Amino acid sequence: MIGIDIGGANLKVVDDAGVHIHYCPLWQGAPLAELLEPYAGSAAVVMSGELADCFPSKIEGIRWIVGAVHAVIPDAAFYGTDAAFHTRPVLDLAAANWLASADYLRKEYADAVLLDVGSTTADVIPLNCFESLKGLTDTRRLQKQYLVYTGMLRTNVATLLSSVTLDGTVTPVSTEYFAASADAHLVLGHIAPEDYTCPAPDNGEKTPAAAARRLARVVCADIDEIGNSGALQVARQFWEVQRTLIVRAVGRALFQSGAGRVITAGIGADLFARELNGVTLERELGEVSDALPAYAVREVALRAGAD
């Protein structure tokens, strides 16, 4: 049994050999079926890639993804927001990866809020509210602040900042896609160059120096105009806004659910565990915590089979 999580940008697979993460931008026609061929066998699958804008609707995206998976793994089963497995494309399959994580963790961590911060989004999941989580769409999760649409790598810096203060001067930002959250986190030391797994906005190098140049562009500057200190100011102010958004959402979930602690997963696990005085799942699950939904859907399927 393997677990598969198909996002709009990344394909994550968990098998007995470990975790395998492939950059798989569906909106650019990524060869999903081809990438899955090495993993052919019994599989449990979750998805969120149906929202990619190459699909005219979610159900069309679901049909395409189910078809691509079944072309390689004919007996694959897909977990839905109804907490059940399906073999045909139904709307319940849309964005159910977070619920698979909750389903797997809800008994052992019933006193916790799970924060899974990935490349693109942050999922905030009160694990003691599982029954009320069923059936939630991404729109409803946005409204409840269970989905915070910012992540460690792919967020356009200008989506969170309207201006920055450079050496005491308020400076409006350009809304071009000049720099990504990965650039801010790289220059701040929150991630390493090897963690920068998505393309850079300019398709350039993934080094601190290149990231600083991109951050300077956010205020329409070259790096020699504002210096590395100016680029760091942009990065720090982006991080402060991003951190505040996610921490506030977690605080709201803790208050409303009555949960007593925070557990973290994803590429942002260590960073936000420090911010929230939480515990990372990596300590207990190892590297699979970086691909939690893929691991979780596999375990939920195995548990269902055992039952």
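Please refer to the structure higher up on the page.
Keep in mind the model is a prediction, meaning the values are calculated, not measured. (Residues numbered from 1 in each chain as written. Predicted model: local features only at pLDDT ≥ 70, side-chain atom pairs only at ≥ 80, totals over all residues. Heavy atoms only, no water.)

Participant: Which parts of the structure should I look at to understand a nonpolar patch on the surface?
Facilitator: Where nonpolar side chains cluster on the molecular surface, the patch consists of Leu 51, Leu 142 and Tyr 149 and spans about 300 Å² of accessible area. Positionally, Leu 51 belongs in the loop between β4 (43-47) and α2 (58-72). (Patch = residues over 30% accessible without salt bridge, like charges linked within 9 Å, V, L, I, M, F, W, Y side chains within 5 Å. Areas by Shrake-Rupley, 256 points an atom, 1.4 Å probe, with all protein chains shown as cover. Salt bridge = Lys/Arg side-chain N within 4 Å of Asp/Glu carboxyl O. Helix = DSSP H or I, 4+ residues; strand = E, 2+ residues; numbered from the N terminus.)

Participant: Quick question: what am I supposed to make of the packing of aromatic side chains here?
Facilitator: How two aromatic rings sit relative to each other is set out by the distance from centre to centre and by the angle between their planes. Throughout the structure, instances matching the rule amount to 4 aromatic pairs. Ring centres 5.7 Å apart and planes at 45° place the aromatic pair Phe 55 and Trp 64 in the tilted group. You can call Trp 64 partly exposed: its relative accessible area is 38%. Stacked on the ring of Phe 130, the Lys or Arg Arg 106 has its end atom at 4.1 Å from the ring centre. (Phe/Tyr/Trp six-rings, centres within 6.5 Å; stacked < 30°, edge-to-face > 60°. Buried < 20%, exposed > 50% of the residue type's maximum accessible area, 1.4 Å probe, protein only. Lys NZ or Arg CZ within 6 Å of the ring centre and 35° of its normal.)

Participant: Help me understand the sheet that holds strand β8 (residues 122-126) in this model?
Facilitator: Reading across from one edge, β9-β8-β7-β12-β13 is the order of the 5 strands in this open sheet, with mixed pairing throughout. Edge positions in the open sheet fall to β9 (147-148) and β13 (279-280), since each of these has one partner strand only. Sheet analysis places strand β7 (residues 112-117) next to strand β12 (residues 261-265), joined by 5 bridges and oriented parallel. Note on β12: the bridge partner recorded for Asp 116 is Ala 265. Contacts from helix α9 (residues 269-276) reach β7, β12 and β13, with the element oriented near 165° to β12. (Pairing = 2+ DSSP bridges. Contact = heavy atoms within 4.5 Å. Axes fitted to C-alpha atoms, helices over the stretch in contact; angles between N-to-C directions.)

Participant: Looking at this model, I keep getting lost on the sheet that holds β4. Mind explaining?
Facilitator: A sheet is described by the order of its strands in space; here 6 strands give the open sequence β3-β2-β1-β4-β5-β6, paired in mixed fashion. Here the strands that pair on one side only, and so sit at the sheet edges, are β3 (18-23) and β6 (85-86). Bridge count between strand β1 (residues 2-6) and strand β2 (residues 10-15): 4 bridges; the pairing is antiparallel. When the sheet's bridge partners are listed, Ile 6 is paired in β2 with Leu 11. Along the sheet face, α2 touches β1, β4 and β5 (77-79) and points at about 155° away from the line of β4.

Participant: Mind showing me how you'd approach the packing of helix α8 (residues 223-257) against α9 here?
Facilitator: Each pair of packed helices can be summarised by the angle the axes make with each other and by the distance between the axes. Contact geometry for α8 and α9: axes closest at 11 Å, N-to-C directions at 70°. Comparing the axis directions of α8 and α9 gives the class roughly perpendicular. Here α8 runs over α9; the crossing is right-handed. Between α8 and α9, the residues in contact are Trp 239, Arg 243, Ile 246, Val 247 and Val 250 and Leu 271, Phe 272, Glu 275 and Leu 276, respectively. Of the residues assigned to the contact of α8 with α9, the class counts are 7 nonpolar, no polar and 2 charged. (Parallel < 35°, antiparallel > 145°, perpendicular 65-115°, else oblique. Left-handed = near helix turned anticlockwise from the far one by under 90°. Nonpolar A, V, L, I, M, F, W, Y, C, P; charged D, E, K, R; others polar.)

Participant: Looking at this structure, how should I read the packing of helix α7 (residues 208-217) against α8?
Facilitator: Two numbers describe how α7 lies on α8: the axes approach to 8 Å, and their chain directions differ by 90°. By the angle class used here, α7 and α8 are roughly perpendicular. Of α8, the residues touching α7 (which contributes Ala 212, Arg 213, Leu 215 and Ala 216) are Ile 223, Ile 226, Asn 228, Ala 231, Val 234 and Ala 235. Of the residues contributing to the contact of α7 with α8, the split by class is 8 nonpolar, 1 polar and 1 charged.

Participant: Is there a simple way to think about α8 in this case?
Facilitator: Since the α-helix advances by 3.6 residues per turn, residues separated by three or four positions end up pointing in the same direction. A maximum bend of about 60° is found in α8 at Ser 229. Of the residues one or two after α8, Gly 258 is the one with positive phi, at around 80°. (Bend = angle between axes of the 7 residues up to and from the residue.)

Participant: Quick question: what am I supposed to make of the side chain of His 185 here?
Facilitator: Turning to its location among the elements, His 185 is positioned in helix α6 (residues 181-187). Setting aside residues no more than four positions away along its own chain, His 185 makes contact with Met 152, His 190, Ile 191, Phe 238, Trp 239, Gln 242 and Leu 271.

Participant: How should the pairing of strand β11 (residues 169-172) be read in this particular structure?
Facilitator: Alignment of strand β10 (residues 163-166) against β11, held across 4 bridges, turns out to be antiparallel. Looking across to β11, one finds that Leu 166 is bridged to Thr 169. Between β10 and β11, which pair antiparallel and follow one another directly, the connecting turn spans 2 residues, one of which, Asp 167, has a positive phi of 50°.

Participant: How should I be thinking about the nonpolar core in this particular structure?
Facilitator: Within soluble globular proteins, side chains that are nonpolar generally end up buried alongside one another. By size, the foremost hydrophobic cluster in this structure holds 27 residues, and its most contacted members are Ile 4, Ile 6 and Val 69. Looking at this core, the elements that each hand over two or more residues are β1, β2, α1 (32-36), β4 and α2. Top element by residues in this core is α2. It accounts for 6 residues. Residues contacting Ile 4, with those up to four places away along its chain left out, are Leu 11, Lys 12, Val 13, Leu 36, Ala 43, Ala 44, Val 45, Val 46, Ile 73, Ala 294 and Val 297. (Core = buried A, V, L, I, M, F, W, Y, C linked by side-chain atoms within 4.5 Å.)

Participant: Could you clarify how one ought to interpret the pattern of salt bridges in this entry?
Facilitator: Oppositely charged side chains can form a pair if their charged atoms are brought close together. Applying the stated criterion across every chain yields a total of 13 salt bridges. With a shortest N-O distance of 2.8 Å, Arg 141 and Asp 123 are connected by a salt bridge. Residue Arg 141 is found in helix α5 (residues 138-144), and its partner Asp 123 is found in strand β8; the two are separated by 18 residues along the sequence. On the basis of relative accessible area, Asp 123 is assigned to the buried category, the value being 9%. Residues Asp 222 and Arg 217 are paired through a salt bridge, measuring 3.5 Å at the closest nitrogen-oxygen approach. Asp 222 gets classed as partly exposed once you look at its relative accessible area, which sits at 35%. Through salt bridges with shared partners, a single network forms among Asp 103, Arg 106 and Arg 303.

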